[in-house]
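# Notes for the structure review
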Amino acid sequence: MLRGPCRLFRVSVAPVAALAVALVSSLSRCSLLDPENRVVSPLSPYFGTKTRYEDANPGLLPDPEAPRRDPQLLEETCTPVQLVALIRHGTRYPTTKQIRKLRQLHGLLQARGPGDDRIRAAGGGDLGAVLANWPLWYADWMDGQLVEKGRQDMRQLALRLASLFPVLFSRENCGRLQLVTSSKHRCMDSGAAFLQGLWQHYHPGLPPPDVADMECGPPRINDKLMRFFDHCEKFLTQVERNATALYHVEAFKTGPEMQNILKKVAGILQVPVNNLNADLIQVAFFTCSFDLAIKGVKSPWCDVFDIDDAKVLEYLNDLKQYWKRGYGYTINSQSSCTLFQDIFQHLDKAVEQKQSSQPVSSPVILQFGHAETLLPLLSLMGYFKDKEPLTAYNYKEQMHRKFRSGHIVPYASNLIFVLYHCKNAKTPKEEFQVQMLLNEKVLPLANSQETVSLYEDLKNHYKDILQSCHTSEECELPKVNTSDEL
């Protein structure tokens, strides 16, 4: 954790691009404040998939490097023998698409007329003018890359997990860790930052070497596991590239809740309402979240919205995630079964090795992916299912919904399977038990709400998924008969 004042370094002559990278990097490092200096916003609980990990897990705020032991974790009567973790990348920059929309909105503000003198005379101020002059520091090259805060997310997660499961993360086991990642740079860099956190745990005070030179080794890319959705032609054709698949998202954008916000924001920014749309409103809202997460700054973009607006905009984000990520259209959750199988194959192997008195060959498996990796898997496992689907027309009825993406998959979110060996078990079946954690909190079983399961019982509960997972068949498009009938 950085302490003391931050100083921007001086440069004499440098290419513009290099200067921009250095300046943003320095600003990012300066934003990593101590917990007591952390910038907060009342909008933070509603940022959906752009939510900071600590906002979804506030118990970490007093000391983000200290382990937070859930009291429901198994005690010393059982020993953890393997951990399989699926981890979303840390805090990232906006994508180029989001940055260009923000640039479009910023251009509208800079092109405004002189404004309404009556508003200013009444003391209303001119937030539009403030935002027109607010630095637009996001650049196309950032395009979803991991930021320094995201690296910190990963380092701190590594320190907490290593302290929480010291036997599994011992230095002796470092060379037996398995790391798998998506090919996206934000995931690869998250894996590297996690390893740097482990180095800090093993060698306090020593600067980490290059990841390629660490005994733990660099993460291995496997997109068929971590980006399974990109390899499912049925999902890509019927959902991702289908203009009508997100009907409820588009309908909500033109519905009364969003239109009220559109008119309100047009008045606040003093721009014609016809120049705005739901996408621009949403990118303005997310800019508040990006400024908070990346720079630790509560920017004027946050002042455009109140909590009622934030709840509507969160629902818009949740609608998109719901229909694309395996809750509305099940093809995406079905295609995640290969990843689910892979997890249980690791657990099976560990059980077999313990039963034959062999050391577990891979005590820790770390897989770095995306919100799009985690949500379909959680859907497949039966979690966060509401009685009624989220639609464009039941916003008020869904105010207390289970599916709130920011509470489930914030930046650095994690789903962890811990396999325990219980020496004093009364029966062979009770010898191996499993707990699952979501964002470092014990996740009760979807079918029973119990906090621990016998391994064989968990496998039996999911046997239909594990035994009938045929992704190539599930993802194959129906064949069209083009032959002419006689």
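Not measured: the values here are computed from a predicted model.

## Observations regarding the state of the cysteines
- Counted under the stated rule, the structure contains 5 disulfides.
- One disulfide bridge connects Cys 174 with Cys 216, the sulfur atoms lying 1.8 Å from each other. An S-S torsion of about -105° defines the bridge between Cys 174 and Cys 216 as left-handed. Highlighted residues: Cys 174 in the loop between helix H6 (148-164) and strand S2 (178-181) and Cys 216 in the loop between helix H7 (185-202) and strand S3 (220-221), separated in sequence by 42 residues.
- Overall, Cys 216 belongs to the buried group, its relative accessible area being 10%.
- Disulfide pairing places Cys 337 opposite Cys 469 at an S-S distance of 2.0 Å.

## What to know about helix H13 (residues 307-324)
- With 18 residues, H13 ought to run about 26 Å at 1.5 Å a step, and its terminal C-alpha atoms sit 26 Å apart, in line with that.
- Of all 18 residues that make up H13, 14 are buried, and the element is covered over most of its length.
- Put simply, Asp 306 is the residue that caps the front of H13, since its side-chain oxygen is 3.1 Å from the backbone nitrogen of Asp 308.
- Note on H13: the residue one or two positions beyond its end, Gly 326, has a positive phi of about 100°.

## Focus on the environment of Gln 367
- Along the chain, Gln 367 turns up in strand S4 (residues 364-369).
- Its relative accessible area of 1% is what places Gln 367 among the buried residues.
- In the structure, Gln 367 is positioned 280 residues away from Ile 87 in sequence and 6.0 Å away in space, judged by C-alpha atoms.
- With sequence-adjacent residues up to four places away left out, Gln 367 is seen in contact with Val 84, Ala 85, Leu 86, Ile 87, Val 180, Leu 225, Met 226, Leu 339, Asp 342 and Ile 343.

## Some thoughts on the packing of helix H3 (residues 96-110) against helix H12 (residues 278-295)
- Contact geometry of H3 with H12 gives a least axis separation of 9 Å together with a crossing angle of 105°. The angle between H3 and H12 falls in the class roughly perpendicular. Of the residues in H12, those in contact with Gln 98, Lys 101, Leu 102, Gln 104, Leu 105 and Leu 108 of H3 are Asp 279, Leu 280, Val 283, Ala 284, Thr 287 and Phe 290.
- Broken down by class, the residue content of the contact of H3 with H12 amounts to 7 nonpolar, 3 polar and 2 charged.

## So, unusual backbone geometry
- Despite not being glycine, Asp 143 shows a phi value in the positive range, around 25°.
- Inspection of the secondary structure assignment puts Asp 143 in the loop between helix H5 (127-133) and H6.
- Asp 143 gets classed as partly exposed once you look at its relative accessible area, which sits at 39%.
- One non-glycine residue, Ser 357, lies in the positive phi region at around 60°.
- Residue position: Ser 357 is located in the loop between helix H15 (337-355) and S4.

## Remarks on the side chain of Asn 439
- Looking at the secondary structure, you find Asn 439 in the loop between strand S6 (432-438) and strand S7 (441-442).
- Judged by relative accessible area, which is 5%, Asn 439 ranks as buried.
- Only 3.2 Å separates the side chain of Asn 439 from the backbone oxygen of Ile 408, close enough to count as a polar contact.
- Leave out the neighbours within four places in its chain, and Asn 439 touches Tyr 53, Asn 57, His 407, Ile 408, Pro 410, Ser 413 and Asn 414.

## As for the pattern of salt bridges
- Applying the stated rule across the entire model yields 23 salt bridges.
- Across the salt bridge formed by Arg 401 and Glu 314, the nearest N and O atoms sit 3.5 Å from each other. Remark: Glu 314 occurs in helix H13 and Arg 401 occurs in the loop between helix H16 (371-380) and helix H17 (405-408); sequence separation between them is 87 residues. In this pair, the class of Arg 401 matches that of Glu 314, namely buried.
- One network of salt bridges, in which partners are shared, links Lys 101, Glu 250, Lys 253 and Asp 279.

## Let's talk about the pairing of S2
- With 4 bridges connecting them, S2 and S4 associate as parallel partners. Note that in S4 the partner of Leu 179 across the bridge is Leu 366.
- By the bridge criterion, 2 bridges tie S2 to S3 in an arrangement that is parallel. Within S3, the position partnered with Val 180 by the bridge is Arg 220.
- Each parallel crossover has a hand, and the one from S2 via H7 to S3 is right-handed.

What counts as what
- Think of each chain on its own: its residues are numbered from 1, step by step along the sequence as written.
- The predicted origin of the model limits local features to residues at a pLDDT of at least 70 and limits the giving and counting of side-chain atom pairs to 80 or more, whereas totals for whole chains, interfaces and linings rest on all residues.
- Note that the side-chain values use all heavy atoms of the structure and ignore hydrogens as well as water.
- We call a pair of cysteine sulfur atoms a disulfide when they lie within 2.5 Å.
- Here a helix means four or more residues in a row that DSSP labels H or I, a strand means two or more in a row labelled E, and each is numbered from the N terminus.
- Partly exposed residues are those whose accessible area sits between 20% and 50% of the maximum for their type, while under 20% is buried and over 50% is exposed, using a 1.4 Å probe and protein chains only.
- What a helix should span is 1.5 Å times the count of its residues minus one.
- Whenever two N or O atoms come within 3.5 Å, that pair is a polar contact, provided that in protein one can donate a hydrogen and the other can accept it, and provided that, for residues adjacent in sequence, both atoms are side-chain atoms.
- In what follows, a contact means two residues having at least one pair of non-hydrogen atoms within 4.5 Å.
- To obtain an axis, a line is fitted to C-alpha atoms, over the contacting stretch when the element is a helix, and the angle between two such axes runs from 0 to 180 degrees between their N-to-C directions.
- For classification, angles of less than 35 degrees are called roughly parallel, those exceeding 145 degrees roughly antiparallel, those between 65 and 115 degrees roughly perpendicular, and all remaining angles oblique.
- For this classification, Asp, Glu, Lys and Arg are treated as charged, while Ala, Val, Leu, Ile, Met, Phe, Trp, Tyr, Cys and Pro are nonpolar and the rest, including Gly, are polar.
- Within this document, salt bridges are pairs made up of a side-chain nitrogen of Lys or Arg and a carboxyl oxygen of Asp or Glu, the two lying within 4 Å of each other.
- Any two strands are treated as partners once DSSP identifies two or more bridges connecting them.
- A clockwise course of the path from the first strand over the helix to the second, judged with the strands pointing away from the viewer, identifies a crossover as right-handed.

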